[in-house]
Amino acid sequence: MTLYIDPPVWPGHGRLWSHLVSDVSYEELHAFAARIGAPRRAFERDHYDVPAERYESAVAAGALEVGSKELVRRLTEAGLRRRKGAQPSRIV
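Residues numbered from 1 in each chain as written. Predicted model: local features only at pLDDT ≥ 70, side-chain atom pairs only at ≥ 80, totals over all residues. Heavy atoms only, no water.

We now examine the pairing of strand E3 (residues 15–22). With 6 of its 8 residues buried, E3 lies for the most part within the structure. With 3 bridges connecting them, strand E2 (residues 10–12) and E3 associate as antiparallel partners. Across the sheet, proline 11 pairs through a bridge with leucine 16, a residue of E3. The hairpin turn running from E2 into E3, its antiparallel successor, is 2 residues long, and histidine 13 in that turn takes a positive phi close to 55°. When E3 meets strand E5 (residues 47–51), the two strands line up antiparallel, connected through 4 bridges. The residue of E5 that forms the bridge with serine 18 is valine 50. (Buried < 20%, exposed > 50% of the residue type's maximum accessible area, 1.4 Å probe, protein only. Helix = DSSP H or I, 4+ residues; strand = E, 2+ residues; numbered from the N terminus. Pairing = 2+ DSSP bridges.)

Read these as spatial facts, not as claims about activity.
Here it is in structure tokens:
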């Protein structure tokens with residue numbers, strides 16, 4: 001299992017957010033997110049949005065800390081990257 005999380009630097013709704021991704025599958029991502037208590041509504045195209053206050057618990061649960069560029073690189077290389085407006089290639 002390999003999950004990655006970037007630093008909580010993305011502003012939104014008065015908070016800072018991280019992105020949580022898998023480089024294996026969306027199934028792995030959803031299972032990990034459920035284990036750390038992330039609601040399914042936090043899933044957006046190819047990642048989960050994780051609030052700053054839950055960052056450390058995601059890392060403690062096994063997510064590897066990487067920079068944002070590295071996170072996108074790994075997601076893209078795994079073939080799991082979905083850009084805004086792109087049609088999903090498979091059902092999640």
